[in-house]
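Residue-level listing of the chains:
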Amino acid sequence: MSVKMVVFDIAGTTVIDDGSVAKSFRNAFIKNGYEISLEDTHPYMGVKKVVAVRRMLETLGAAFTEEDVKKIHEDFVNEMVDFYEYDLSVKPFVDTEEVFVQLKEKGVRIALNTGFPKIIADTIVNRFQWIDRSLVDDYIASDEVENGRPAPLMIEQLMHRAGLDDPMDVAKIGDTSVDIEEGKAAGCHYIIAVTTGSGTREELASYEPTHIVNSLSEAFAILN
């Protein structure tokens, strides 16, 4: 195995996302009086969500305050926490845990990162008991670093906590353009885009990942 740690995105990569993130993001805006479409949310998938809220308001040309940003973000977070904690549709992809096990059997460290704040990441990881079951070694959320994706800070922090110095020992796997940009910024050995989430193959290809796959099982075959 040519890497020592694989950093997986969460929603759309390890956990099925049938548009729930985009829907909740849109709902938060509509609840606060801003009409946006699901298509409007697409550029902000994978982005640190408080930053995404601010950028969306700027795109709308709206006059807003930081309190407006905070309120929309809180509404988004509350809906997402409720969804990930209780909705029966929330589940890992069929091969997610199998790939975790296969990598760990080869001595590879499993880490997760996300554009979500920590409260949402905690909800997902705790629901599946990934830490307790020793399927995941570490995870980090965008509000635990100064700058989320496409900045490399989350990956760098995961490397630091794992005692890794060389980004060539790391692979990044995600379903959005900012996952790819993050992996490049960190200097990862492999930057694998997966088509199971919000990004189409054509969209992802334009950002030039090292590989594009249709499943995590295909990603494992590349890493193996």
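The present account deals with the structure reproduced in this document. (Residues numbered from 1 in each chain as written. Predicted model: local features only at pLDDT ≥ 70, side-chain atom pairs only at ≥ 80, totals over all residues. Heavy atoms only, no water.)

### Focus: the overall build of the chain
(1) Moving on: On a plain count of helices and strands, the chain comes out with ten helices and six strands.
(2) Moving on: In terms of C-alpha radius of gyration, the chain reaches 17 Å, essentially the compact-globule figure of 17 Å for 224 residues.
(3) Moving on: Here the C-alpha coordinates of the chain stretch approximately 50 × 35 × 30 Å along the principal axes.
(4) Moving on: The buried share among the 224 residues of the chain stands at 50%.
(5) Moving on: Of all intrachain contacts in the chain linking residues separated by at least 6 positions in sequence, the fraction that spans at least 24 positions is 66%.
(6) Moving on: Accessible area for the chain stands at about 9,900 Å²; split by element, carbon and sulfur atoms hold 47% of it.
(7) Moving on: One way to put it: in the chain the 22 positive side-chain charges average out to a point 2 Å from where the 39 negative ones average out. (Helix = DSSP H or I, 4+ residues; strand = E, 2+ residues; numbered from the N terminus. Rg over C-alpha atoms; globule rule 2.2 N^0.38 Å. Buried < 20%, exposed > 50% of the residue type's maximum accessible area, 1.4 Å probe, protein only. Contact = heavy atoms within 4.5 Å. Areas by Shrake-Rupley, 256 points an atom, 1.4 Å probe, with all protein chains shown as cover. Lys, Arg positive; Asp, Glu negative; His and termini not counted. Charge placed at Lys NZ, Arg CZ, Asp CG, Glu CD.)

### Points about the packing of aromatic side chains
In this description, a pair of aromatic rings is defined by centroid distance and the angle of the planes.
(1) Moving on: Evaluated as defined, the whole model comprises ten aromatic pairs.
(2) Moving on: With 5.2 Å between their ring centres and 70° between their planes, Phe8 and Phe100 make a pair best called edge-to-face. Of this pair, Phe8 sits in strand E1 (residues 5-8) while Phe100 is found in helix H5 (residues 96-105), placing the two residues 92 residues apart along the sequence.
(3) Moving on: Aromatic pair Phe100 and Trp130: ring centres 5.3 Å apart, planes at 80°, arrangement edge-to-face. In this pair, Phe100 sits in helix H5 while Trp130 sits in the loop between helix H6 (118-128) and strand E3 (138-141), placing the two residues 30 residues apart along the sequence. Like Trp130, Phe100 is buried.
(4) Moving on: A connected cluster of aromatic rings, assembled from ring pairs, spans Phe25, Phe29, Tyr34, Tyr44, Phe76, Phe83, Tyr84 and Phe116. (Phe/Tyr/Trp six-rings, centres within 6.5 Å; stacked < 30°, edge-to-face > 60°.)

### Quick look at the pairing of strand E4 (residues 170-174)
(1) Moving on: A large share of E4 lies buried, amounting to five of its five residues.
(2) Moving on: Neither face of E4 is open: one carries Val170, Lys172 and Gly174, the other Ala171 and Ile173, and all of them are buried.
(3) Moving on: Across four bridges, E1 lies against E4 in parallel orientation. Looking across to E4, one finds that Val7 is bridged to Lys172.
(4) Moving on: Two elements, E4 and strand E5 (residues 190-194), share four bridges in a ladder whose sense is parallel. Among the inter-strand pairings, Ile173 is bridged to a residue of E5, identified as Ile192. (Pairing = 2+ DSSP bridges.)

### Observations regarding the nonpolar core
(1) Moving on: Of all hydrophobic cores here, the largest spans 57 residues; its most connected members are Phe8 and Tyr84.
(2) Moving on: At eight residues, helix H4 (residues 66-86) tops the list of elements feeding residues into this core.
(3) Moving on: Aside from chain neighbours lying at most four places away, what touches Tyr84 is Ala11, Val15, Ser20, Val21, Val90, Phe116, Ile120, Thr123, Ile124 and Arg127.
(4) Moving on: Judged by nonpolar contacts, the second largest core, of 17 residues, contains Met5, Ala186, Ile191 and Leu204. (Core = buried A, V, L, I, M, F, W, Y, C linked by side-chain atoms within 4.5 Å.)

### Observations concerning the packing of H5 against helix H10 (residues 216-223)
(1) Moving on: At their nearest, the axes of H5 and H10 sit 9 Å apart, and the two run at 15° to each other. Between H5 and H10, the interaxial angle falls into the category roughly parallel. Crossing angle aside, the handedness with which H5 passes H10 is left-handed. Of H10, the residues touching H5 (which contributes Thr96, Val99, Gln102 and Leu103) are Leu216, Ser217, Phe220 and Leu223.
(2) Moving on: Considered class by class, the residues forming the contact of H5 with H10 number five nonpolar, three polar and no charged. (Axes fitted to C-alpha atoms, helices over the stretch in contact; angles between N-to-C directions. Parallel < 35°, antiparallel > 145°, perpendicular 65-115°, else oblique. Left-handed = near helix turned anticlockwise from the far one by under 90°. Nonpolar A, V, L, I, M, F, W, Y, C, P; charged D, E, K, R; others polar.)

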